[in-house]
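Now for the letters of each chain:
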Amino acid sequence: MKQDSSIRFHYAWVIAGVTFFILLIGAGIRSAPGVFMVPVEQEFGWSRSAISFALSINLLLYGLVGPFAAAVMDRFGIRRITMIALLMLALGSALTTWMQASWQLTLLWGIVVGLGSGCTASVLGAMIANRWFIQHRGLVMGILTASGATGQLLFLPLLASMAESAGWRTATWIISVVALVMVPVVMFFMRDRPSDKGLKAYGATEADEELTAPKQNPFRTAIQGLFTGLRSFDFWLLAGSFFICGLSTNGLIGTHFIAACMEHGIPAVTAASLLALIGVFDIIGTTFSGWLSDRFNNRWLLFWYYGLRGLSLMWLPTALSSSTFSLGLFIVFYGLDWVATVPPTLKLTTDIFGRQQAGILFGWILAAHQLGAAVAAYGGGVVYTMLNSYFFMFIVAGAFCLLASLMVMRIGRNALTPAVSRNM
């Protein structure tokens, strides 16, 4: 075994770079429905709620597959499962160009792309950060989480422009080809664990043991992880707050923001650019959040993140109806903590449950996040169909965020473990 201290550039950074681009592409594909919603509605005449149902299935599976993906990756390898996931993303998105009925949208974008997305999600970033990094783990998780915003930043304006000029099908082919191109990159550069390169994790000492691959059935491992979590009040607090996180981010804003802007006379390309601009501030906020999570009380970080997000969502209806400056204020404040909650949530999960179980437990917490996203994605469509307005959804989502800011202050308070107490 090579000694890491003699290596100027650790291969962990190559793994982090490859993972960044995997998550970036996955995020770009997941953000595409926000651009395609109105063109698909206009072409096929499907209701907003019918389209939102397919997208809610996508978001739900994106979360639910997370813990099982973590267990399967533990058992069969990150590289192999990630390649399969990228192929599913490419195939599922490409086949939507031939769909003729709404059930096909549900099957392809809801199920196939949803399953592929679940394996190229934050749970992958969590596994890479925990497996390859001891030092700078929070910072790395912040950077990997920010890849979602980067994907949004790169893809949304391009997809909106292509959908407007050449049609949504051409835009869909772009994301399909990009996912396909990433497959050989993963094949040649991704490695499952540091020992595959004769290394230890970055910053590891002799006392830090490498995480071992479990030998039991992955499905059983994932279910056992769930039951472990359900017995912990901290798990309920982490999952409950993350449910609200998903509801208030990619479920509501990620799915309905562009449509809401268009209802207020903002063109689709401009609206997509505004959503991408949220991504610019999220890159800053989430990366900085990762740095903060290595140094400060993570409960207080989450308190401020959820509180400020709630206030910004309550401000959004006013911002959409008033000046450009008001909307700009929302973009800045909301964007800075779009997914800044991920690094401190993962840090608390790892401290409470340990590195070996953190991937699967965080997978279940992410499942709660996506359940919240699915509720908001479908609920937003239903509420809009009923009221012809998103006002109610924005206010309710803001109120839930304020509730989450109180919930997170109880994490780790009931049965404080030594690992948690060091972080608190």
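Computed from a prediction, not measured in an experiment: that's the story for all the values here. (Residues numbered from 1 in each chain as written. Predicted model: local features only at pLDDT ≥ 70, side-chain atom pairs only at ≥ 80, totals over all residues. Heavy atoms only, no water.)

(A) Fine view of the overall build of the protein chain. For the protein chain, the helix and strand inventory stands at 17 helices and zero strands. Taken against the 2.2 N^0.38 rule, which gives 22 Å for 424 residues, the C-alpha radius of gyration of the protein chain at 20 Å falls within 12% of a compact globule. The C-alpha extent of the protein chain, read off along each of the three principal axes, is 60 × 45 × 40 Å. Buried residues in the protein chain amount to 58% of all 424 residues. (Helix = DSSP H or I, 4+ residues; strand = E, 2+ residues; numbered from the N terminus. Rg over C-alpha atoms; globule rule 2.2 N^0.38 Å. Buried < 20%, exposed > 50% of the residue type's maximum accessible area, 1.4 Å probe, protein only.)

(B) Representation of helix α15 (residues 355-387). Its 33 residues place the ends of α15 46 Å apart at the C-alpha level, agreeing with the 48 Å of an ideal helix rising 1.5 Å per residue. Among the 33 residues of α15, 24 are classified as buried, and the element is accordingly described as predominantly covered. The positive-phi residue at the C-terminal boundary of α15 is N388, with phi of around 60°. (Expected span 1.5 Å × (residues − 1).)

(C) Structural context of unusual backbone geometry. The phi torsion at H136 lies on the positive side, around 65°, for a residue other than glycine. Residue placement: H136 occurs in the loop between α5 (122-132) and α6 (137-165).

(D) Quick look at the environment of V18. Locating V18 in the fold gives a position in helix α1 (residues 12-44). Judged by relative accessible area, V18 falls into the buried class, the value being 7%. Separated by 209 residues in the primary sequence, V18 and F227 have C-alpha atoms spaced 33 Å apart. If we ignore the near neighbours within four places in the chain, the residues touching V18 are M182, V186, F189 and M190. (Contact = heavy atoms within 4.5 Å.)

(E) How the structure looks around helix α2 (residues 48-76). In this model α2 runs 40 Å from its N-terminal to its C-terminal C-alpha over 29 residues, within 8% of the 42 Å that 1.5 Å per residue would give. Within α2, the axis deviates most sharply at G66, by approximately 40°, and proline P67 lies no more than four positions further along. Just beyond α2, the residue with positive phi is G77, at close to 110°. (Bend = angle between axes of the 7 residues up to and from the residue.)

(F) Quick peek at a nonpolar patch on the surface. There is a patch of nonpolar side chains on the surface, built from L91, L95, W98, W173, V177 and V181 and spanning about 610 Å² of accessible area. Only α3 (78-95) and α7 (168-189) provide two or more residues apiece to the nonpolar patch. Per element, the largest residue contribution to the nonpolar patch is three residues, and it comes from α7. Looking at where L95 falls in the secondary structure, it is placed in helix α3. A relative accessible area of 35% means that L95 is categorised as partly exposed. (Patch = residues over 30% accessible without salt bridge, like charges linked within 9 Å, V, L, I, M, F, W, Y side chains within 5 Å. Areas by Shrake-Rupley, 256 points an atom, 1.4 Å probe, with all protein chains shown as cover. Salt bridge = Lys/Arg side-chain N within 4 Å of Asp/Glu carboxyl O.)

(G) Representation of the side chain of T172 within the structure. Positionally, T172 belongs in helix α7. Leaving out residues up to four positions away in the same chain, T172 has contacts with F36, S93, A94, T96, T97 and W109.

(H) Spatial organisation of the confidence of the model for the protein chain. Per-residue confidence for the protein chain gives a mean pLDDT of 82, with 91% of residues at or over 70. When the elements of the protein chain are averaged for pLDDT, helix α17 (residues 418-423) gives the smallest value, 39, and helix α16 (residues 391-407) the largest, 92. Within the model, pLDDT remains below 50 along residues 1-6, and this stretch shows eleven contacts once partners closer than five positions in the same chain are excluded. Note that pLDDT drops below 50 for residues 415-424; the model gives that stretch 21 contacts with residues more than four away or on any other chain. (pLDDT = per-residue confidence, 0-100.)

(I) Expanded view of the packing of aromatic side chains. Within this structure, the stated rule accounts for 18 aromatic pairs. A centroid spacing of 5.4 Å and a plane angle of 80° characterise the contact between F303 and W304, whose relative ring orientation is edge-to-face. Ring centres of Y384 and Y390 lie 4.9 Å apart, and the angle between their planes is 25°; this geometry places the pair in the stacked category. Note on Y384: relative accessible area 10%, which makes it buried. Its end group placed over the ring of F76, R75 keeps NZ or CZ at 5.3 Å from the ring centre. For K197, the ring lying beneath its charged end belongs to Y11, and the centroid distance is 4.4 Å. (Phe/Tyr/Trp six-rings, centres within 6.5 Å; stacked < 30°, edge-to-face > 60°. Lys NZ or Arg CZ within 6 Å of the ring centre and 35° of its normal.)

(J) Seen up close, the nonpolar core. Membership of the largest hydrophobic core comes to 128 residues, with the highest contact counts inside it found for F36, W109, I253, F257 and F330. Ranked by residues supplied to this core, first place goes to α1 with 16 residues. F330 has contacts with I253, F257, I278, S312, L313, W315, L316, A319 and G335, leaving out every residue within four places of it along the chain. (Core = buried A, V, L, I, M, F, W, Y, C linked by side-chain atoms within 4.5 Å.)

(K) How the structure looks around the environment of V65. Note that V65 resides in helix α2. Classification of V65 by relative accessible area gives buried; the value is 15%. Sequence separation of V65 and S117 is 52 residues, and the distance between their C-alpha atoms is 8.7 Å. With residues near it in sequence (within four places) discarded, V65 still touches G114, L115, G118 and C119.

(L) View of the state of the cysteines. Scanning all chains against the criterion turns up zero disulfides. Cysteine C261 remains unbridged, with the sulfur of C401 as its closest cysteine sulfur at 18 Å. Residue C261 is classed as buried on the basis of its relative accessible area of 0%. (Disulfide = S-S within 2.5 Å.)

(M) Looking closely at the pattern of salt bridges. Scanning all chains against the criterion turns up four salt bridges. Among the salt bridges present, the one from D351 reaches K347, with a minimum N-O distance of 3.5 Å. Taken as a pair, D351 and K347 lie in helix α14 (residues 342-353) at a separation of four residues, close to a single helical turn. In this structure D351 comes out as buried when scored by relative accessible area, which is 14%. What makes K347 partly exposed here is its relative accessible area of 21%.

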